[in-house]
Amino acid sequence: QEGVHTVLQVGSMPPELATRLHREFTVLQLPSVGVERFLEENGSRVTIAVTTGLTGVSGQLMRALPNLDAVISFGVGFETIDICAAEQLGVVVSNTPDVLTDCVADLAVGLLIDCLRGISAADRFVRQGNWINGPYPLGTRVSGKRIGIVGLGRIGLATARRLEAFGPTIAYHSRNRLVEVAYPWYESLIDLASDSDVLIVAVSGGTSTTGLVSREVIAALGSDGYLINVARGTVVDENALVDALAQKQIAGAGLDVYTHEPRVPEALLALDNVVALPHLGSATTETRLDMANLFLMNLRQFIAEGTLTTPVS
Ligand code: NDP
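A short tour of the structure in this document, coming up.

A few words on helix α7 (residues 154–163). Residues Ile155, Gly156, Ala158, Thr159, Ala160 and Leu163 constitute the buried set of α7. In this structure, the buried residues of α7 make contact with α5 (101–117), β6 (146–150), β7 (169–173) and β8 (198–201).

Pasting the structure below:
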């Protein structure tokens, strides 16, 4: 039955996954040049497109694939996949939720502790031989802080549960109040920021959250406040963040994601109160394997039964 399906790979895939994909399925790679010609020649053969959350599939590409039935994506974020176009065209979409939640939440907690206690900066201090000249400046206590979570979804909630161990107060902002959760809900993100010592960004990306953490929100966090972002770079006004950090309007930031990855603003790297990671949220051997397995499970199930294991709703 596999024979009737031709899979189009859009963008690059982790190498081990690409190997497994090519071994099991008929896979074409969308070229980076000569796309039009390629689509004219091959577009009608393609029934399934595979991609990652970072690359995605545009509505324009979907329309150039007249027999496309499914988009199967590696990663939980799907803001790069045109869901409206998919719906109109009757194309189903899957992602890889849940399996990466723990690792991203772990990293959010790691960034928080690093920022407040200066772990990375203090490591630089020791390596640069500065300890000889005197002690490292005091950090701020992690326990008992007021934590604001922006987006209490799978990752936001898993982060909150981990942070419970530090005796904090926890509140959150999202569009909808969660009835099953006792944490206070803030309709206004500015109000949440002014009531928080640490704001942790864990919302989905995409147009509805672009610039959500605005200059005003960052200002409301205040000079003792910290911003942690494990969601998407686009959610935070990066220029405003750089200004606020440089002018000490906020105390520090822990960032896993940026607006123009893999480029990170030079100004951020010049600041010792910034912990900058290269998008490591799900980057562990175990989680990447779980993601690859879930991705392949979606693909196999779609080919065998025409349904998805983890469809995007
Ligand atoms: P969920 O869908 O479970 O959670 C998303 C949360 O965002 C929900 O609480 C949702 O609540 C909220 N939200 C969505 N839109 C808005 C909005 N416009 N305003 C306010 N809140 C909003 O997703 P996950 O927790 O599984 O993942 C969250 C994101 O984390 C992913 O979309 C991805 O971008 C990012 N991520 C980053 C990784 C990394 O490597 N750093 C790895 C994996 C994921 P409501 O609908 O009520 O608004």
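What follows continues from the structure just given.
Read from one edge of the open sheet, five strands run β2-β1-β3-β4-β5, paired in parallel fashion. Two strands bound the open sheet, and with one partner strand each, they are β2 (26–29) and β5 (92–94). Direction aside, the axes of adjacent strands within the sheet are offset by 25° on average.

Tallying each qualifying case throughout the model produces one cavity of 30 Å³ or more. Here the largest cavity is characterised by a volume of approximately 40 Å³. For the largest cavity, the full set of lining residues is Asn229, Gly233, Val236, Glu238, Leu241, Leu255 and Val257.

Of the pockets and cavities examined, the second largest pocket occupies roughly 250 Å³. Residue lining of the second largest pocket: 17 residues in total, with Cys115, Gly118, Tyr136, Asp272 and Asn273 positioned closest to the centre. Among the elements that make up the lining of the second largest pocket, the one with the highest residue count is α5 (four residues). Its residues assigned to classes, the lining of the second largest pocket comprises nine nonpolar, five polar and three charged.

What follows is about the pairing of strand β4 (residues 70–74). Of all five residues in β4, five are buried; the element is thus mostly enclosed. Judged from the five bridges that link them, strand β3 (residues 46–52) and β4 form a sheet pairing that is parallel. Looking across to β4, one finds that Thr52 is bridged to Phe74. Examined bridge by bridge, β4 and β5 share three bridges and lie parallel to one another. By the bridge assignment for β5, Ala70 is matched with Val92. For the handedness criterion, the β-α-β arrangement of β4, helix α4 (residues 83–89) and β5 is classed as right-handed.

Turning to the site of the ligand, a few remarks are in order. Arg154, Ile155, Arg175, Asn176 and Asp256 are the nearest of the 27 residues found near the ligand. Contacts to the ligand include Ile155, whose backbone N or O atom sits 2.8 Å from an oxygen atom. Val230 places a polar main-chain atom, nitrogen or oxygen, 2.9 Å from a nitrogen atom of the ligand. Here the ligand, which alone exposes 920 Å², has 88% of that area covered by the protein. Counted by class, the shell around the ligand contains ten nonpolar, 13 polar and four charged residues.

Our next topic: the pattern of salt bridges. The full count for this structure, using the stated rule, is nine salt bridges. Here Arg232 ties to Glu79 by a salt bridge, and the two come within 2.7 Å at their closest N and O atoms. Of this pair, Arg232 sits in the loop between β9 (226–229) and α10 (238–246) while Glu79 sits in the loop between β4 and α4, placing them 153 residues apart in sequence. A salt bridge links Asp243 to Arg215; its shortest N-O distance comes to 3.1 Å. Remark: Arg215 occurs in helix α9 (residues 215–221) and Asp243 occurs in helix α10; sequence separation between them is 28 residues. Arg215 gets classed as partly exposed once you look at its relative accessible area, which sits at 40%. Residues joined by salt bridges that share partners form a network here, namely Asp102, Asp106 and Arg162.

What counts, and where the lines are drawn
- Residues numbered from 1 in each chain as written.
- Predicted model: local features only at pLDDT ≥ 70, side-chain atom pairs only at ≥ 80, totals over all residues.
- Heavy atoms only, no water.
- Buried < 20%, exposed > 50% of the residue type's maximum accessible area, 1.4 Å probe, protein only.
- Helix = DSSP H or I, 4+ residues; strand = E, 2+ residues; numbered from the N terminus.
- Contact = heavy atoms within 4.5 Å.
- Pairing = 2+ DSSP bridges.
- Axes fitted to C-alpha atoms, helices over the stretch in contact; angles between N-to-C directions.
- 1 Å grid on protein atoms, 1.4 Å probe; cavity = no way out; pocket = protein on both sides within 12 Å on 5 of 7 lines; lining within 4 Å.
- Points joined across faces, edges and corners; volume = space filled by probe spheres on them.
- Nonpolar A, V, L, I, M, F, W, Y, C, P; charged D, E, K, R; others polar.
- Right-handed = clockwise from strand over helix to strand, strands pointing away.
- Near = heavy atom within 4 Å.
- Polar contact = N/O pair within 3.5 Å; in protein donor to acceptor, adjacent residues only side chain to side chain.
- Areas by Shrake-Rupley, 256 points an atom, 1.4 Å probe, with all protein chains shown as cover.
- Salt bridge = Lys/Arg side-chain N within 4 Å of Asp/Glu carboxyl O.

Worth remembering: the numbers are spatial, not functional.
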